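For reference, the chains in residue letters:
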Amino acid sequence: MQHTTKQPAILLLADGTIFHGKSIGITGKTFGEVCFNTGTTGYQEIFTDPSYFGQIMVATNAHIGNYGVNENEVESDRIMISGLVCKNFSMFHSRPDSESNLYDYFEKQNLICISDVDTRALVSYIRDYGAQNAVICTDGTSVEELKKELAGIPDMNGLELASKVSTKEPYFFGDENASYKISALDLGIKRNILRNLAKRDCYIKVFPYNATYEDMKSFNPDGFFLSNGPGDPDPLESAINVAKQIMNNNHPLFGICLGHQVIALANGVSTYKMFNGHRGINHPVKNLLTGRGEITSQNHGFAVNKEELEKHNELEITHVHLNDGTVAGMRMKSKNCFSVQYHPEASPGPHDSSYLFDQFIENIKSSKN
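Residues numbered from 1 in each chain as written. Predicted model: local features only at pLDDT ≥ 70, side-chain atom pairs only at ≥ 80, totals over all residues. Heavy atoms only, no water.

Draft legend 1. A look at the nonpolar core. The biggest cluster of nonpolar side chains holds 43 residues, and the ones touching the most others in it are Phe-47, Leu-84, Val-85, Phe-89, Leu-102 and Phe-106. For Phe-89, the residues in contact, after removing those within four places along its chain, are Lys-6, Ile-24, Ile-64, Leu-102, Tyr-103, Phe-106, Cys-113 and Ser-115. Counting residues in each nonpolar core, the second largest holds 36 residues, with Ala-211, Phe-219, Ala-264 and Ala-266 among its members. (Core = buried A, V, L, I, M, F, W, Y, C linked by side-chain atoms within 4.5 Å. Buried < 20%, exposed > 50% of the residue type's maximum accessible area, 1.4 Å probe, protein only. Contact = heavy atoms within 4.5 Å.)

Here you go:
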């Protein structure tokens, strides 16, 4: 682990705005769409969440790295963010069960990080001017050269990224003697979703993003699951087609985040890129079916068109985001299908919404009767 004097580094936004900071010691540059997460804990889960692929993460919490890293707290097998922007990066950690420090974790995977940034000013800027592409540079490349390179980075709108994070081959998770079998489409699935299903007596077969309905049906599952993931849902023609076939055959279906958006598109309801996404572990949602509020973990930059959903004959809104009124959940009236825009597996985050996994199991039980 390095303890040298921190070298100057910059974050350059696509509109030409520059934020200055210091390199933590890993030299290079990295590109992606800049976004921010308001969570005060759970940085390792955030960094390894496949939904963040292609994004530079700004941590609003002032201290990152102070409790180290632990292998049990990953949501995939590698760091998924493109880079990190933070205020204070801690080279030292003080948690008894941490396995190493965050710097060594970053160095092994060559994750570029800029610290000592005025993150409050940066987040305010992003909130005012919206999400945009950016570059972190810690190697002294000129601003003019960085601007040229940054201009060539594709916009997140219309960008298909699920193929970059999905499994290449099907795999199994859980106890093969479990009561229920689930076919899950991996668009960027988080490990804690699989843990939550396995905990509820499910044996899961996880399929690549481009698996067909026939592939998934061959497992003879009791239910189907469409996962979270990165990028724009609109280009995911294969997944949208799979969702249509699952719904046409009225199999129990549960979708989370990107999976929720895919189900909307399969029903002819459009999605759109948000000015700023929802990312954090304190987002308030109202369950319209029960009237109860939930504090939820969220991570998405796209959303389902509410006006179209309200006019749809087959769909009804079940949950709304209380900050901005966006769609947070929906269900089909005549099919065994529901989905939410947020993360009931909550890793990191509160567990107010874990009942949704129980609801999925109840739907499976009722379909078998």
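After presenting the structure, the write-up continues.
Draft legend 2. Molecular detail of the packing of helix 8 (residues 237-248) against helix 9 (residues 258-266). Two numbers describe how helix 8 lies on helix 9: the axes approach to 8 Å, and their chain directions differ by 70 degrees. Taken as axis vectors, helix 8 and helix 9 run roughly perpendicular relative to one another. Along the contact surface, helix 8 presents Ala-239, Ile-240, Ala-243, Lys-244 and Met-247, while helix 9 presents Val-262, Ile-263, Leu-265 and Ala-266. Among the residues forming the contact of helix 8 with helix 9, the class breakdown is eight nonpolar, no polar and one charged. (Axes fitted to C-alpha atoms, helices over the stretch in contact; angles between N-to-C directions. Helix = DSSP H or I, 4+ residues; strand = E, 2+ residues; numbered from the N terminus. Parallel < 35°, antiparallel > 145°, perpendicular 65-115°, else oblique. Nonpolar A, V, L, I, M, F, W, Y, C, P; charged D, E, K, R; others polar.)

Draft legend 3. The sheet that holds strand 10 (residues 171-173), seen in detail. A sheet is described by the order of its strands in space; here 10 strands give the open sequence 10-12-11-13-14-19-18-17-15-16, paired in mixed fashion. Because the sheet does not close on itself, it has two edges, and the strands there are strand 10 and strand 16 (293-304). The mean inter-strand angle of the sheet, taken between neighbouring strand axes irrespective of direction, is 25 degrees. When strand 18 (residues 327-332) meets strand 19 (residues 337-340), the two strands line up antiparallel, connected through three bridges. Each bridged residue has a counterpart across the sheet, and for Gly-329 the counterpart in strand 19 is Val-340. (Pairing = 2+ DSSP bridges.)

Draft legend 4. Structural detail: the packing of aromatic side chains. The tally for this structure, following the rule as stated, stands at 14 aromatic pairs. Here Tyr-125 and Tyr-129 contribute two aromatic rings whose centre-to-centre distance is 4.5 Å and whose plane-to-plane angle is 35 degrees, an arrangement assigned as tilted. Highlighted residues: Tyr-125 and Tyr-129, both in helix 3 (residues 119-129), separated by four residues, approximately one helical turn. Where Phe-254 meets Phe-338, the ring centres are 4.5 Å apart and the plane angle is 15 degrees; that geometry is what we call stacked. Here Phe-338 lies in strand 19 and Phe-254 lies in strand 14 (residues 253-256), a separation of 84 residues in the sequence. (Phe/Tyr/Trp six-rings, centres within 6.5 Å; stacked < 30°, edge-to-face > 60°.)

Draft legend 5. Looking closely at the sheet that holds strand 8 (residues 112-115). What the seven strands build is a closed barrel, ordered 1-2-8-6-4-3-9; its pairing is mixed. Ignoring which end each strand starts from, the neighbouring axes of this sheet average 35 degrees apart. Bridging between strand 3 (residues 29-37) and strand 9 (residues 133-137) involves five bridges; their strand directions are antiparallel. Considered in strand 9, the bridge of Thr-30 is made with Ile-136.

Draft legend 6. Examining the environment of Leu-289 more closely. Tracing the backbone through its elements, the reader meets Leu-289 in the loop between strand 15 (271-287) and strand 16. You can call Leu-289 partly exposed: its relative accessible area is 45%. Discounting chain neighbours no more than four positions away, the residues touching Leu-289 are Thr-318 and Arg-331.

Draft legend 7. Region of the structure containing the pattern of salt bridges. The final tally for this structure, using the stated rule, is 13 salt bridges. The salt bridge partner of Lys-273 is Glu-33, with a shortest N-O separation of 2.7 Å. Here Lys-273 is found in strand 15, whereas its partner Glu-33 is found in strand 3, with 240 residues between them in sequence. A relative accessible area of 23% means that Lys-273 is categorised as partly exposed. Between Lys-190 and Asp-49 there is a salt bridge, and its shortest N-O distance comes to 4.0 Å. Pair noted here: Lys-190 is in the loop between strand 11 (180-185) and helix 6 (191-199) and Asp-49 is in the loop between helix 1 (43-47) and strand 4 (55-59), with a separation of 141 residues, a long-range link. Under the relative-accessibility criterion, Lys-190 is labelled buried at 2%. With a relative accessible area of 3%, Asp-49 lands in the buried category. Within this structure, Lys-29, Asp-139 and Glu-149 form a network of salt bridges that share partners. (Salt bridge = Lys/Arg side-chain N within 4 Å of Asp/Glu carboxyl O.)

The quantities given are spatial measurements derived from coordinates; they are silent on function.
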